[in-house]
Amino acid sequence: MGLFAAGVAAPGAAHAEEGRLRIAQQFGIVYLLLNVAQDQKLIEKHGKAAGVDVKVEFLQLSGGSAVNDALLSGNIDIAGAGVGPLFTLWDRTRGRQNVKGVASLGNFPYYLVSNNPAVKTIADFTDKDRIAVPAVGVSVQSRVLQLASAKLWGDKDFNRLDRLQVAVPHPDAAAAIIKGGTEITGHFGNPPFQEQELAGNPKARIVLSSYDVLGGPASATVLYATEKFRKESPKTYQAFLAGLNEAAQFVAANPEKAADIYLKVTGAKTDRALLLQIIQNPEVQFKVQPENTLGLGQFLHRVGAIKQKPEALKDYFFDDALTARGS
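Bear in mind the structure is a predicted one, so any value in this text is a computation, not a measurement.

## Brief notes about the side chain of N116
- Inspection of the secondary structure puts N116 in the loop between β5 (111-114) and β6 (130-133).
- Within the structure, N116 has its side chain in polar contact with the backbone nitrogen of A118 (distance 2.9 Å).
- A distance of 3.0 Å separates the side chain of N116 from the side chain of D129, its partner in a polar contact.
- When near neighbours in sequence (up to four residues on either side) are disregarded, N116 contacts D129, T185 and R205.

## With respect to the packing of aromatic side chains
- All told, the structure shown has eight aromatic pairs when counted by the stated rule.
- With a centroid separation of 6.1 Å and 85° between ring planes, the pair formed by Y237 and F318 is classed as edge-to-face. Here F318 lies in the segment after α14 (313-316) and Y237 lies in helix α10 (residues 234-253), a separation of 81 residues in the sequence. Here Y237 matches F318 in class, with each residue buried.
- Ring geometry for Y316 and F317: centres 5.9 Å apart, planes at 75°, overall edge-to-face. The same class applies to Y316 as to F317, namely buried.
- Ring pairs connect the aromatic residues F87, W90, Y316 and F317, which therefore count as one cluster.
- The residue whose ring lies beneath R160 is W153, and the NZ or CZ to ring-centre distance is 4.1 Å.
- Over the aromatic face of Y237 sits the side chain of R230, whose NZ or CZ is 5.3 Å from the ring centroid.

## Considering the packing of helix α2 (residues 42-49) against α10
- Where α2 meets α10, the axes come as close as 8 Å, and the angle between the chain directions of the two elements is 130°. The angle between the axes of α2 and α10 places the two elements in the oblique class. The element α2 and its partner α10 pack so that their crossing is right-handed. Within the contact between the two elements, α2 uses L42, I43, K45, H46 and G47 and α10 uses A239, F240, A242, G243, E246 and A247.

## Quick word on the nonpolar core
- With 94 residues, the main nonpolar core has V102, I122, Y224 and F240 as its most contacted residues.
- Formed by nine residues, the second largest nonpolar core is a distinct cluster that contains V113, A132, A173 and A204.

Rules used in this analysis
Throughout this description, residue numbers start from 1 for each chain and increase along the sequence as written. Confidence filtering applies because this is a predicted model: local features only for residues at pLDDT of at least 70, side-chain atom pairs given and counted only at 80 or more, and all residues used for totals across whole chains, interfaces and linings. By convention in this description, side-chain values take in all heavy atoms of the structure and omit both hydrogens and water. Starting at the N terminus, helices and strands are each numbered in turn, a helix being any DSSP run of H or I of at least four residues and a strand any DSSP run of E of at least two. Under the rule applied, a polar contact is a pair of N or O atoms within 3.5 Å (in protein, one hydrogen donor and one hydrogen acceptor; residues adjacent in sequence only if both atoms are side-chain atoms). Contacts between residues were defined by any pair of non-hydrogen atoms, one from each residue, lying within 4.5 Å. Stacked, edge-to-face and tilted are the three classes for Phe, Tyr and Trp ring pairs, Trp counted by its six-membered ring, which pair at centre distances within 6.5 Å; planes under 30 degrees apart are stacked, over 60 edge-to-face, the rest tilted. Burial status follows relative accessibility: with a 1.4 Å probe on protein chains alone, a residue under 20% of its type maximum counts as buried, one over 50% as exposed, and anything between as partly exposed. Lysine NZ or arginine CZ positioned within 6 Å of the ring centre and within 35 degrees of the ring normal marks a charge as sitting over the ring. What counts as an axis is a line fitted to C-alpha atoms, over the stretch in contact for a helix, and the angles between N-to-C directions run from 0 to 180 degrees. Every angle not falling under 35 degrees, over 145, or within 65 to 115 is termed oblique; those three ranges are roughly parallel, roughly antiparallel and roughly perpendicular. Crossing handedness is read from the near helix: turned anticlockwise from the far helix by less than a right angle, it gives a left-handed crossing, and turned clockwise, a right-handed one. Side-chain atoms within 4.5 Å link the members of a nonpolar core, which is a set of buried Ala, Val, Leu, Ile, Met, Phe, Trp, Tyr and Cys residues.

If you want it as structure tokens, here you go:
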């Protein structure tokens, strides 16, 4: 947990309180709504309207496992990670911390990219290949690859490619794919890293798109929290949701400004034209309402990865007006 910012309360010492908000995010433009909310101080704005002075702290982590540990230890209030880690934690905490989804960060196609010319489908990966993901067996990339494997080889072999996976932060994995010459020949990433790989290495190609596996546009990255935080800090919680929704509207109306904010807040050296291309990609939608998440959860139950079977969005997402009509 060396990535935690200084001053975060030790496990056990932290408890929810109005006006305090600690948010964990990871790497990529999929976290753009958080970047915009941070830059424009939208959460603070909505908190003020509700009579609460919200102090927001953003923490950078890598991988759903680290994010889940941080949430359960009380070191963060809102977790940003894939829908895969959400289902894992929702299942594990039912009847205790009762972790549920708060909002989506939008719909993005996630690509499995390979720089190995021999790899044209997931069936072509061999023991010589390594596939980088944020967290092996837990991240949404790893879970989508399991679903793709189940569709190809049957449910009993859903985790057939887990043995080839290695946990690597997206920036490092992208560098390995672009440079080549390492054991990492595949990276199941997210924007903008997947686009950087395709632009930076002529051998790089898309082996798999999450949209193809999930049957259309889907919310891959989401935000989630404990029931305790939502109950004990209702005004802070609602200010966060309202601020995030305003950030989604801002990005849709101001793609150029949004690209500049991403570069400023993250300090990333990403090409601005590439960023703008991603933000304006018709397959990308910035919105807080989750879409097409239930199928992955039901698959995870079917293969025994989670014990509880989600039957509807309200099972694993908090019931809020801005998200209730999602799927």
